[in-house]
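# Topology and contacts: notes
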Amino acid sequence: MASEPLHLAVALDGAGWHPAAWREPGSRPRELLTPRYWTELARTAEAGLLDLVTIEDSLGLQSHSPFQPDDRVDEVRGRLDALLIASFLAPLTSRVGLVPTVTTTHTEPFHVSKAVATLDHNSHGRAGWQVKVSGRAEEAAHVGRREITRASAEELTSARLPSALAALFDEAADVVQVVRRLWDSWEDDAEIRDVVTRRFIDRAKVHHVDFEGRFFSVRGPSITPRPPQGQPVVAALAHRREPYELAARGADLVFVTPTEQRDAAALLADVEQAAADVGRTGEPLHVYADLVVVLDTATEPGAARLRRLDDIAGVPYTSDTTVFTGSAAELADLVAAWQAIGYRGVRLRPAVLPEDLDRIVADVVPELQRRGLFRTAYEATSLRGLLGLPTPVPNRYAVGATGLKGRSR
Amino acid sequence: MNAPRKQIILGAYLGGVNHHTAWWHPEAGSQIDFSTFEHTARTAERGKFDFFFLAEGLALRERAGQVFDQDIVGRPDTLPVLASLAAVTTHLGLAGTINATFNEPYELARQFATLDHLSGGRTAWNVVTSFDAFTGQNFRRGGFLDRSKRYERAAEMIDALRTLWDSWDDDDLVVDQATGRYLGRADAGSFSVRGGQFDIHGRFTVPRSPQGRPVILQAGVSPEGRDFAARSADAIFSPYGKLPAAAEFYRDVKARAARAGRNPDDLKILPSASFVLGDTEAEAQERYQEVRGQQITGQTAQILLEQVWNRDLSGYDPDGPLPDVDPDPDAPPIIQGRAFVHQDRFATVARWREIAEAKKLSLRELVIDQFERGPFVGTPAQVAEKIDDFVQNDGSDGLIIGSHLVPWGLDEFVDQVVPLLQERGSLRADYTGSTLRDNLGLPPLPRRCERRTEGAGAVV
């Protein structure tokens, strides 16, 4: 195996990432809300020894545009809460990481903290969290406690976001910070069950977090004891400076999106710059490249599949990241090249589910294994362990602990 | 009997953050590990229980400003546990308490609808509200709810969730691969809710779930609470586990449901109950006395009384008389984070003093006497008979059963009492429906819902 093992994540979303995925003969569009569908996807990922699956989510209905709602009736609409899907999958899987998307903008950090902690307990240390900021006006109207003005395309592509939008990322960084503090608010050995003194806990080992920030305050401690991983894995998808900085301030993993305009090497430099700008120390951010994959099948090349999907959709597919078409060997070449310049892994977005996930597991994984780039058996029981993140994680509140490096403020 | 026997509804609760749960028992298991919840839920399903019920915590309790350490402390998050349980059970209903104060309708509606999809229609929501600023310190929203607004909040929350759940029709998902039509209408999921508590609109993300609307549970004792539950709940948690008080509550609430225009049979009344079994009645009584003595230590007794006195009572001998001081209602609460509302502390103390005087009870004995939950104690045959009599005499429509021993205690009930209830014809031999609503005997919802644009605000 190469010096640094390669990590493979898969992003699960509905019938797949191509808008016409649900029209494919092999897709199962009537089952997208069923437990069986999600169970089979997760078990397939686990059979392929993948590091983790992410599950997409948002506090609004899907739309074709990344910035505003629509009233289309020809694409998949409607989805389930990702954290609860992951919780459902926890007892049905044993090794694969479960990383649901949870929005930070309208949710309660206390709820998010105990929910991800419980996912970690129920999965015996396989939980993660994909942090998502919501800047969409319609999602704010769904929750109703604040207004968010719809940003223009120009504003969203300018060098610096408008301050109101930028503040949402600062708020998300605070959410990550307070969630991490709540995870640490119980020391690992706080529960003592001392029958003689009739004390269930040693209360010196359960801590108020007393977080007071610009956007909210949370006292703590959590109601849920420290999760098995200590600190479940925090990930964020990022395309520009503010989310890079959010990731650099609080995440373990960042998913970036190489394109022709900004290639994989340039993105690594962007992430590094963001880490320097926010003064991140300790474990560096693990950078993963996102990639939509339309893989060759036994009967049809990936490029032909994509053309067919595009014909059905009526327009060529555009994505925020590279759309790969080709064979498992070609994908392995690309992934190996990215790994060589510093990527820890890739997060593959199957264009069609379950087809492209099946191809990843049946074709891409063996190809990477042949090249000595990917594991042939799960080598750790926790997600942090699989990903090569430091374990165990010191508790910032434990006497004598140095705390999580780079997280103190 | 002339009338057909009522079928007993059974729920199972998992003992948790209170002095009843015997964490000190050598066989007591984890309160956190999923295996505890899985074992209890599987046991309940083996006993053909209707549902498993999980309470909620939003703040660790504190006494005099310090985290409470005497009873069990800590628990996992309710909804993720229920979602995990959905994966390891097939018929059991999954009920959870979720606070209407510290959640917002859109998120809560999608969580319960998701759970309903993942479980194939087995979800129930126990609606509670809280208004204490102590709990509010854990939330960005803060302790913003005035106590007088708690029924408004609960009513508008229920109405908002029903509006959201009804925003998708059964036939909105066309999913025709040949024609490319996924949605039957472009505005599927559209909703608007306006009231004193909420002003929200847009489109809901979760298409209609198997039950349409998850089952609604509530607790209500005050006249206002009873009316509220009689109007809006599918089942009520009754605090009365003994006849005749239980039957009085039962008649009263069913009558209120009828006055609200509902079929009283569509509102189920369910007290919680524990049990202690023995091979003989004497053995059962002995076990019960032993458990009770362990549950109420001297210190536990002091702390339970501190909630009423609102004073530090640690200096009073548990084996001596009741404290001779008066309650201090104006001091900051000594116990925080526990739902415990006293309308009149002085009256309670005066009553307890009379009881202690009359029965010659020490402080600790008074607590054992007054905080008694009245478990069913006896041989399995006696317990089965008592439970059946209680339900057949309209003490309730069923019981929510829990054991002081987590997670193994329920096994005894399922192995020894359930078969006897089945023999008596009061408990089904197998599940009859696929959804919780079916199993509870609740009326089916109309397949096509009447969509409302002005949801909340009607019931205050």
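Residues numbered from 1 in each chain as written. Chains lettered and ligands numbered in written order. Predicted model: local features only at pLDDT ≥ 70, side-chain atom pairs only at ≥ 80, totals over all residues.

- An unreviewed UniProt entry annotates chain B as NtaA/DmoA family FMN-dependent monooxygenase originating from Pseudonocardia aurantiaca.
- The Sequence similarities (unreviewed entry) field of the UniProt record for chain B holds the comment "Belongs to the NtaA/SnaA/DszA monooxygenase family." (UniProt positions renumbered as here; feature names shortened; annotations may be inferred.)

- Going by what an unreviewed UniProt entry lists, chain A is known as LLM class flavin-dependent oxidoreductase and is assigned to Pseudonocardia aurantiaca.
- Recorded in UniProt for chain A, the comment headed Sequence similarities (unreviewed entry) runs: "Belongs to the NtaA/SnaA/DszA monooxygenase family."

## Some words on the overall build of chain A
- Across its full length, chain A carries 12 helices and 13 strands.
- A compact globule built from 409 residues should have a C-alpha radius of gyration of about 22 Å, and chain A, at 21 Å, falls within 12% of that.
- The C-alpha extent of chain A, read off along each of the three principal axes, is 70 × 50 × 40 Å.
- The buried share of chain A, taken over its 409 residues, is 56%.
- Considering only contacts in chain A between residues 6 or more positions apart, those separated by 24 or more positions represent 74%. (Helix = DSSP H or I, 4+ residues; strand = E, 2+ residues; numbered from the N terminus. Rg over C-alpha atoms; globule rule 2.2 N^0.38 Å. Buried ≥ 20, exposed ≤ 12 C-beta atoms within 10 Å, placed from the backbone. Contact = placed C-beta atoms within 7 Å.)

## Some details on the interface of chain A and chain B
- Between chain A and chain B, the residue contacts involve 58 residues of the former and 63 residues of the latter.
- For the side of chain A that touches chain B, the element with the most residues is helix α3 (residues 109-122) of chain A, which contributes eight residues.
- Split by residue class, the side of chain A that touches chain B holds 31 nonpolar, 11 polar and 16 charged. (Nonpolar A, V, L, I, M, F, W, Y, C, P; charged D, E, K, R; others polar.)

## Section: the packing of helix α2 (residues 82-89) of chain A against helix α2 (residues 78-88) of chain B
- Their axes nearest at 7 Å, the elements α2 of chain A and α2 of chain B cross at an angle of 45°. Taken together, the axes of α2 of chain A and α2 of chain B are oblique relative to one another. Where α2 of chain A crosses over α2 of chain B, the two elements pack in a sense that is right-handed. Each of Leu83, Leu84, Ser87 and Phe88 of chain A in α2 of chain A lies in contact with α2 of chain B, whose residues at this interface are Leu79, Pro80, Ala83, Ser84, Ala86 and Ala87 of chain B.
- When the residues that make up the contact of α2 of chain A with α2 of chain B are grouped by side-chain class, the tally is eight nonpolar, two polar and no charged. (Axes fitted to C-alpha atoms, helices over the stretch in contact; angles between N-to-C directions. Parallel < 35°, antiparallel > 145°, perpendicular 65-115°, else oblique. Left-handed = near helix turned anticlockwise from the far one by under 90°.)

## Concerning the sheet that holds strand β14 (residues 335-336) of chain B
All names here are of chain B.
- With antiparallel pairing, the three strands of this open sheet are ordered in space as β4-β3-β14. Looking at strand neighbours, the two that pair on one side only are β4 (66-67) and β14, the edges of this open sheet.
- Sheet topology places strand β3 (residues 62-63) next to β4; two bridges connect them, and they run antiparallel. Its bridge partner lying in β4, Glu62 is registered against Val67. (Pairing = 2+ DSSP bridges.)

## Regarding the nonpolar core
- The biggest cluster of nonpolar side chains holds 232 residues, and the ones touching the most others in it are Val10, Val53 and Val254 of chain A together with Phe52 of chain B.
- Per-element accounting of this core gives the leading share, nine residues, to helix α6 (residues 163-184) of chain A.
- Judged by nonpolar contacts, the second largest core, of 12 residues, contains Tyr316, Leu322, Leu363 and Val367 of chain B. (Core = buried A, V, L, I, M, F, W, Y, C linked by C-beta atoms within 7 Å.)

## Some remarks on the pairing of strand β5 (residues 93-99) of chain B
Residues and elements named next belong to chain B.
- With six of seven residues buried, β5 lies mostly within the body of the structure.
- As paired elements, strand β2 (residues 51-54) and β5 share four bridges and run parallel to each other. Opposite Phe53, over in β5, you have Ala95 as the bridge partner.
- The pairing of β5 with strand β6 (residues 123-128) spans six bridges and is classified as parallel. Bridge pairing in β6 links Thr97 to Asn126.
- Chirality of the crossover, the property in question, places the unit of β5, helix α3 (residues 105-118) and β6 among those that are right-handed. (Right-handed = clockwise from strand over helix to strand, strands pointing away.)

## Quick word on the UniProt feature "domain: Luciferase-like" (unreviewed entry) in chain A
- Within the UniProt annotation, "domain: Luciferase-like" (unreviewed entry) is assigned to residues 33-299 of chain A.
- Secondary structure across residues 33-299 of chain A divides into 35% helix and 17% strand, with the first and last C-alpha atoms of the span separated by 29 Å.

## Side note on the environment of His20 of chain B
Residue and element names in this part refer to chain B.
- Position of His20 among the secondary structure elements: in the loop between β1 (9-13) and α1 (34-46).
- Among the residues examined, His20 registers 20 C-beta atoms within 10 Å and is labelled buried.
- Taking the C-alpha atoms as reference, His20 lies 8.6 Å from Asp71; in sequence the two are 51 residues apart.
- Excluding anything up to four places from it in sequence, His20 contacts Gly15, Gln295 and His404.

## Focus on helix α11 (residues 363-370) of chain B
Residues and elements named next belong to chain B.
- Those residues of α11 that sit buried are Leu363, Arg364, Leu366 and Val367. All buried residues of α11 project into a common sector of 160° when viewed along the axis, lining one side.
- Turning to α11, the residues buried within the fold contact α9 (298-309) and α10 (345-359). (Arc of directions from axis to C-beta.)

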